[in-house]
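Structural features, examined
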Amino acid sequence: MRLSRYYLPILKENPKEAEIVSHRLMLRTGMIRQQSQGIYSWLPLGKRVLDKVNRIIREEQDRSGAIELLMPTLQSAELWQESGRYDAYGKEMLRIKDRQDRPMLYGPTNEEMITDIFRSTVKSYKSLPLNLYHIQLKFRDEIRPRFGTMRSREFLMKDAYSFDLTREGAEHSYNKMFTAYLRTFARMGLRAIPMRADTGPIGGNLSHEFIILADTGESEVFCHRDFVNFDIPAEDTDFDDVGGLKKIFDQWTSVYAATSEMHDEAAFDAIPEGERLSARGIEVGHIFYFGTKYSEAMGAKVQGPDGKEHIVHMGSYGIGPTRLVPAIIEASHDENGIIWPASVAPFDVVVINMKAGDEACDKACEEIYAALTRAGKDVLYDDTDDRAGQKFATADLIGVPTQIIVGPRSIAQGEVEVKDRKTGARDTMTVEAAINRVN
Ligand code: ATP
Ligand code: MG
Ligand code: MG
Ligand code: MG
């Protein structure tokens, strides 16, 4: 991508409305734009990051055996009357009427709809276990939307729903998601801690919130320091290995971790002082096992091996991609801007032409740009005629992991500079070596 032809509406001033660093940086870099309260557009730079976050989520959902579909944002109120949640959900639900005066709603979550799909299509235990997910916009009319896309009214959610014949089966499905979540967040450079959580209006009795520790987090959390050292499950984890996944679950739930709603002061105080962590955190994911709550109310059952009908056991599993993007920034930035982990960076590398129009600079930049693009890298080429200082500031601000800086003096020796955004380390090398460094 040539910056001269790209759309990167960077703000010169710090936006006054932004209270936390991620919100400030997302506005300044032109990643997002507020359209009305708690409702955002994702501009091209932001969209690139969001797509990479979603790709990691998809890969890990697929690896665990979940299957993607896409449900609509608008739902009929009837389904929610069946489950009994239409009245219970309250003001967070945006209710609308269509031209025939039928009550509709903008889905805040999809348990009812997926249960409806399941009950009308699945009849036998032989189709189980089944886990269906989608990544779709949700709407919740939050009392206090704030911090940009961290708590917005319209937001993206990956929500998965599992169906099993038995409670034991459902626990294995839960452990699959638990394991997939550990991998998902780790791949984004985050350490998310699973904490025992309240099940809230979704209902049920087994639930974990995945929390990123951050001073700007809205949740108050308490946990053991040991979490920092636990291993992330490997890429070749066997998701059909019931005992193996149980072991992962057991380890990650072996030490204390709870949100304030579930906090047990006495249990926490029993941990030696130096090993206790009392902090703030951001909820980036939440998983529930809720048994037959919806399947019973909505008649989702299958024929079992015994020939009888069985109400299915269900779980639901959410991740907030549009909250994850600011959470990653909260965890990874400095005074000059964002520092993207490579896995979610909008571009892998930025090529900075310090003197656009200079023949040698232009030629070297074009060569690097072409070679890296051919190699499948996402390359941003700053070919504008801005001042060099301005270009450096922009590159740092948008946080691309590697910068290749091409200036007239060094290119005369056939050399360029490669800067690592995170460490700030700069190395001088040949054009070829720079290309190889990024490859
Ligand atoms: P919170 O406690 O922050 O209000 P929640 O518990 O209501 O979140 P869930 O119903 O568990 O949210 O939804 C699953 C995931 O969706 C959350 O873990 C979070 O990552 C994301 N999410 C929920 N509400 C919002 C929101 N208003 N803006 C952005 N992401 C959200
Ligand atoms: Mg909420
Ligand atoms: Mg919550
Ligand atoms: Mg939650």
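The chain appears in an unreviewed UniProt entry as Proline--tRNA ligase from Gellertiella hungarica. Quoted verbatim from the Sequence similarities (unreviewed entry) field of the UniProt record, the comment on the chain reads "Belongs to the class-II aminoacyl-tRNA synthetase family. ProS type 2 subfamily."

With respect to the overall build of the chain
When its secondary structure is counted, the chain shows 14 helices and 23 strands. For the chain, the C-alpha radius of gyration of 24 Å lies close to 22 Å, the compact-globule estimate for 439 residues. Taken along its principal axes, the extent of the C-alpha atoms in the chain is 80 × 60 × 40 Å. Residue pairs at least 24 apart in sequence account for 73% of intrachain contacts in the chain once pairs closer than 6 positions are excluded.

Points about the site of ligand 1
Ligand 1 sits among 15 residues. The nearest are Phe 155, His 286, Gly 318, Gly 320 and Arg 323. Listing elements by their share of the shell around ligand 1, those giving two or more residues are strand 8 (154–164), strand 13 (276–291), strand 16 (313–319) and helix 10 (321–331). For the shell around ligand 1, the leading source of residues is strand 13, giving four residues. Across the shell around ligand 1, the residue classes tally to four nonpolar, six polar and five charged.

Thoughts on the sheet that holds strand 20 (residues 379–382)
Judged by pairing direction, the sheet is mixed, and its five strands sit side by side in the order 20-19-21-22-23 without closing on themselves. On the outer flanks of this sheet lie strand 20 and strand 23 (426–430), each paired with one strand and no other. The average undirected angle you get between the axes of adjacent strands in this sheet is 25°. In this structure, strand 19 (residues 349–353) lies alongside strand 21 (residues 402–406), joined through five bridges in parallel fashion. Following the sheet pairing, Val 349 is matched in strand 21 by Thr 402. Where helix 12 (residues 388–398) meets the sheet, its contacts fall on strand 19, strand 20 and strand 21, and the angle it forms with strand 19 comes to roughly 175°. Taken strand by strand, helix 14 (residues 431–438) contacts strand 19, strand 21, strand 22 (415–420) and strand 23, and its axis lies near 120° from that of strand 23.

Details of the pairing of strand 23
For strand 23, the buried fraction is low: zero of the five residues fall into the buried class. Sheet analysis places strand 22 next to strand 23, joined by five bridges and oriented antiparallel. Looking at strand 23, one finds that Lys 419 is bridged to Arg 426. With antiparallel pairing between neighbouring strands as the criterion, strand 22 and strand 23 make up a hairpin whose turn holds five residues, including Gly 424 at a positive phi of roughly 80°.

Structural notes on the sheet that holds strand 5 (residues 94–97)
Across the sheet, which stays open at both edges, the three strands sit in the order 4-6-5 with antiparallel pairing between neighbours. Because the sheet does not close on itself, it has two edges, and the strands there are strand 4 (74–76) and strand 5. Across the sheet, the axes of successive neighbouring strands diverge by a mean angle of 35°, strand direction being ignored. In this sheet, strand 6 (residues 103–106) lies alongside strand 5 in antiparallel orientation, the contact comprising four bridges.

Some thoughts on helix 5 (residues 111–121)
Among all positions of helix 5, only Glu 111, Glu 112, Ile 114, Thr 115, Asp 116 and Phe 118 are buried. Looking at the buried residues of helix 5, the elements they touch are helix 3 (77–83), strand 7 (130–139), strand 8, helix 9 (293–298) and strand 16.

Observations concerning the pairing of strand 20
A two-sided burial pattern is seen for strand 20, the buried positions comprising Val 379 and Tyr 381 on one face and Leu 380 and Asp 382 on the other. Both strand 19 and strand 20 contribute to a ladder of four bridges, which runs parallel. Considered in strand 20, the bridge of Val 350 is made with Leu 380. Crossover handedness for the path strand 19 to helix 11 (residues 359–374) to strand 20: right-handed.

A closer look at helix 11
Helix length check: helix 11 (16 residues) gives 22 Å between terminal C-alpha atoms against 22 Å at 1.5 Å per residue, within 8%. Here the buried face of helix 11 lies against strand 19, strand 20, strand 21, helix 13 (408–411), strand 22 and helix 14.

Some remarks on the nonpolar core
Note on soluble globular proteins: their nonpolar side chains tend to be buried together. Formed by 102 residues in total, the largest nonpolar core has its most connected members in Val 351 and Val 406. A total of eight residues in this core trace back to one element, the largest contributor, which is helix 6 (residues 167–187). Not counting the four nearest positions on each side in its chain, Val 351 is found in contact with Cys 365, Ile 368, Tyr 369, Val 379, Tyr 381, Asp 382, Ile 404 and Val 406.

A closer look at the packing of helix 11 against helix 14
Running from amino to carboxyl end, helix 11 crosses helix 14 at an angle of 30°, the nearest separation of the two axes being 10 Å. As judged from the angle between their axes, helix 11 and helix 14 are roughly parallel. Seen along the crossing, helix 11 lies across helix 14 with a hand that is right-handed. In contact with Ala 364, Glu 367, Ile 368, Ala 371 and Leu 372 of helix 11, helix 14 contributes Val 431, Ala 434, Ile 435 and Val 438.

Description of the confidence of the model for the chain
Chain-level statistics for the chain give a pLDDT mean of 96 and a share of 99% at 70 or above. Quick note on the complex model: pTM equals 0.97, ipTM equals 0.99.

Notes on the packing of helix 1 (residues 21–28) against helix 10
At their nearest, the axes of helix 1 and helix 10 sit 8 Å apart, and the two run at 110° to each other. With respect to each other, helix 1 and helix 10 are oriented roughly perpendicular. Touching Val 21, Ser 22, His 23, Leu 25 and Met 26 of helix 1 are Pro 326, Ile 329 and Glu 330, all from helix 10. Taken together, the residues of the contact of helix 1 with helix 10 break down into five nonpolar, two polar and one charged.

Each value, and the rule that gives it
Within each chain, residue numbers correspond to sequence positions counted from 1 in written order. Chain letters start at A and ligand numbers start at 1, both assigned in the order the entries are written. In keeping with the predicted nature of the model, local features appear solely for residues at pLDDT of at least 70, side-chain atom pairs appear and are counted solely at 80 or more, and the whole-chain, interface and lining totals rest on all residues. UniProt positions are given in the numbering used here, feature names are shortened, and annotations may be inferred rather than shown by experiment. Helix and strand assignments come from DSSP, with helices taken as H or I runs of at least 4 residues and strands as E runs of at least 2, each series counted from the N terminus. Only C-alpha atoms enter the radius of gyration, while the globule expectation follows 2.2 Å times N to the 0.38, with N the number of residues. Once C-beta atoms have been placed from the backbone, residue pairs whose C-beta atoms lie within 7 Å are recorded as contacts. For each residue, a C-beta atom is placed from the backbone, and the residue counts as near a molecule or strand when that atom lies within 6 Å of it. In the scheme used here, Gly and all other residues not listed as nonpolar or charged are polar, with Ala, Val, Leu, Ile, Met, Phe, Trp, Tyr, Cys and Pro taken as nonpolar and Asp, Glu, Lys and Arg as charged. Only when DSSP finds a minimum of two bridges between them are two strands counted as paired. In this description, a line fitted to the C-alpha atoms serves as the axis of each element, helices being fitted only across the stretch in contact, and the angle between N-to-C directions of two axes falls anywhere from 0 to 180 degrees. Around each residue's C-beta, the other C-beta atoms within 10 Å are counted; 20 or more make the residue buried, 12 or fewer make it exposed, and counts in between make it partly exposed. All C-beta atoms are placed from the backbone. Looking down the strands as they point away from the viewer, one classifies a crossover as right-handed if the path from the first strand across the helix to the second runs clockwise. For a helix, the expected span equals 1.5 Å multiplied by the number of residues minus one. Buried Ala, Val, Leu, Ile, Met, Phe, Trp, Tyr and Cys residues form a nonpolar core when they are connected through C-beta atoms within 7 Å. Roughly parallel means an angle under 35 degrees; roughly antiparallel, over 145; roughly perpendicular, 65 to 115; everything else is oblique. Note on convention: near helix rotated counterclockwise from far helix by under a right angle means a left-handed crossing. Clockwise means right-handed. Confidence scores here are pLDDT values: one per residue, from the predictor, ranging 0 to 100.

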